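# Summary of structural features
Letter by letter, the chains look like this.
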Amino acid sequence: MTREGPVLQEKYVSVAHRGGARVAPRTSGRGRTQSRPSGRPRARARRRSPVRALFLGLYKLLVVVSVVIVVGFAAFQFLIKPPAQTPVKVPAQVGTKGTDPVADPSGGAVVPAGLTRRDGVYNILLAATDKEGFRTDTMMVMCYDIPNQKVGVVSVPRDTLTRREAGKNPKLVYGPGGVEQRVEDISNMLGVPIDYYIKVNIQGFIALVDYLDGVDFYVPDDMDYDDPFQDLHIHYKQGQYHLNGQQAMEVARFRKNNDLSGYSDVGRTQTQQKLLVALAKKVLDWGSLTKINGFVEIFNQYVDTDLALNDMMYFASQAVYMDISTGVETATLEGRGDGVYRGNTWCYVLDQAMTLDTVNRLINPFDQALTLEDMDLLQAESYTQG
């Protein structure tokens, strides 16, 4: 054996290390040594199909979107807080349940002794002005019970007899002050706190209905009325209609026909309540989510409110869980419209027993029932029809 023999042999029996694995040499047909990891088959290069790549891309996108939605919802719930509740003021009449009022520890208004507000129950005055925009001639108190997802809506007729100074018109729709004064008047009259108000003018109502592409509504009576001074002409037969904004406004404002027949102020408030419920169903429908920007524009242009943006967002976030068809109950305060008080005729005088029942059933935010001592329900001095 030559001296080169062992060297050459050593060259061809040497081993290589790849990634810590011992690799045995293999000679190719052309005399070159090739090697591969022992015990492992040669891996074939895979080509990912376009369909699989698309699927994985969509999956990743859905994961990212889901995370964003969850984080956004959590942040929304953290940032949007329930609005403050306003304690009721002591009614104008003397005495409240025969006890002295108790000072609110927060330093705000005082409340009748023994009454505690339920958490998450809010009263909001919904108001609409007449064509001139001065008089708040449509007034409804809406009580939103968030924990139970229930809404009570009580209409207060515009000519309701209200406590006023001597020489002042005692009808609710008249008198000094704007919607803020109507809030105070109704709160004192019914003995319930009103936390916020939302006032819309007629043009805003028309714009909202048109933006919702109209509303399906059953007109309850034949309507035949003309008022050339207001350029108001209302002509409908009883039946089902798809009303645009102008038509819905006309139906909502109707009280009597040219021959003085019709369903009076109480009948008008009942029609307005039904229209309000029909509109609420459309606004809260999932199909209206794409119209959010338009709702905001209409709200900014035609609505006056003391609700802060945070408050509105909170109520909106809760209202989406409500079933309008079963969660809303409406009523109109009952009474008679021929009362005489301080020389003013045709005042609407509330029936005390019926008013007490309606308030306790639909808009009482306290943990116990109110009594007539908590309210300020004036009575007429006489009635024109005996």
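Before reading further, recall that the structure is shown in the block above.
Quick notes on the rules
- Residues numbered from 1 in each chain as written.
- Predicted model: local features only at pLDDT ≥ 70, side-chain atom pairs only at ≥ 80, totals over all residues.
- Heavy atoms only, no water.
- Helix = DSSP H or I, 4+ residues; strand = E, 2+ residues; numbered from the N terminus.
- Buried < 20%, exposed > 50% of the residue type's maximum accessible area, 1.4 Å probe, protein only.
- Contact = heavy atoms within 4.5 Å.
- Core = buried A, V, L, I, M, F, W, Y, C linked by side-chain atoms within 4.5 Å.
- Pairing = 2+ DSSP bridges.
- Axes fitted to C-alpha atoms, helices over the stretch in contact; angles between N-to-C directions.
- Polar contact = N/O pair within 3.5 Å; in protein donor to acceptor, adjacent residues only side chain to side chain.
- Phe/Tyr/Trp six-rings, centres within 6.5 Å; stacked < 30°, edge-to-face > 60°.
- Lys NZ or Arg CZ within 6 Å of the ring centre and 35° of its normal.

This next bit is on the overall build of the protein. Scanning the protein for helices and strands turns up 10 helices and 16 strands. The buried share of the protein, reckoned over its 386 residues, is 39%. Within the protein, contacts between residues separated by at least 24 positions form 63% of all contacts whose residues are at least 6 apart in sequence.

Taken as a class, soluble globular proteins show a tendency for nonpolar side chains to be buried jointly. One finds Leu125, Ile186, Leu190, Ile363 and Leu370 to be the most contacted residues of the largest nonpolar core, which totals 30 residues. When residues of this core are traced back to their parent elements, those giving at least two are strand E4 (121-129), strand E5 (136-145), helix H3 (179-190), strand E15 (344-350) and helix H10 (352-362). A total of 5 residues in this core trace back to one element, the largest contributor, which is H3. Not counting the four nearest positions on each side in its chain, Leu190 is found in contact with Leu333, Leu350, Thr355, Val359, Ile363, Leu370, Met375 and Leu377. Among the nonpolar cores identified, the runner-up in size contains 23 residues, and Phe217, Val219, Tyr263 and Leu279 belong to it.

An order of E12-E7-E4-E5-E6-E13 is seen for the 6 strands of this open sheet, with the pairing classed as mixed. Two strands lie at the open edges of the sheet, namely strand E12 (303-305) and strand E13 (328-332), each paired on one side alone. Within this sheet the neighbouring strands show an average axis-to-axis angle of 20°, counted without direction. When E4 meets E5, the two strands line up antiparallel, connected through 9 bridges. Opposite Leu125, over in E5, you have Val141 as the bridge partner. The sheet contacts of helix H7 (residues 292-302) involve strand E7 (196-200) and E12, and relative to E12 the element is tilted by about 75°. Against the sheet, H10 contacts E5, strand E6 (150-155) and E13, and its axis sits at roughly 160° relative to E13.

Let us look at the sheet that holds E15. Overall, antiparallel pairing links the 3 strands, which are arranged E15-E14-E16 in an open sheet. Of all the strands in the sheet, the pair left with one neighbour each is E15 and strand E16 (382-383). Taken together, the 4 bridges between strand E14 (residues 335-341) and E15 define a ladder with antiparallel strand orientation. Residue pairing across strands places Arg336 opposite Val349, the latter belonging to E15.

What follows is about the side chain of Thr138. The residue Thr138 is located in strand E5 in this model. The class for Thr138 is buried, based on a relative accessible area of 13%. Side chain to side chain, Thr138 and Gln272 meet in a polar contact 3.3 Å long. Other than its neighbours up to four places away in sequence, Thr138 contacts Leu126, Ala127, Ala128, Arg268 and Gln272.

Along an α-helix, a turn takes 3.6 residues, which lines up residues three or four apart on a common side. Among the residues making up helix H4 (residues 202-211), those that are buried are Ile202, Gly204, Ile206 and Val209. Where H4 starts, the residue carrying a side-chain oxygen 3.1 Å from the main-chain nitrogen of Gln203 turns out to be Asn201. At the C-terminal side of H4, Asp213 shows a positive phi close to 65°.

With that out of the way, let us pick up the pairing of E14. In this structure, the hairpin formed by E14 and E15 is closed by a connection of 2 residues, where Arg342 is found at a positive phi of approximately 50°. Summarising the sheet, E14 and E16 pair through 2 bridges and their orientation is antiparallel. Counterpart to Gly339 in the pairing with E16 is Tyr383.

So, on to unusual backbone geometry. Although it is not a glycine, Gln149 adopts a positive phi angle of roughly 50°. Assignment of secondary structure puts Gln149 in the loop between E5 and E6. A positive phi angle, near 60°, is found at Trp346, a position not held by glycine. Taking relative accessible area as the criterion, Trp346 reaches 47% and is therefore assigned partly exposed.

Attention now moves to the packing of aromatic side chains. The final tally for this structure, using the stated rule, is 5 aromatic pairs. Here Tyr236 and Tyr241 contribute two aromatic rings whose centre-to-centre distance is 5.6 Å and whose plane-to-plane angle is 85°, an arrangement assigned as edge-to-face. Residue Tyr236 is classed as buried on the basis of its relative accessible area of 11%. Here the aromatic cluster, defined as three or more aromatic residues joined through ring pairs, consists of Tyr122, Tyr144, Tyr314 and Phe315. One cation-aromatic arrangement involves Arg336 over Tyr383; the distance from NZ or CZ to the ring centre is 3.9 Å.

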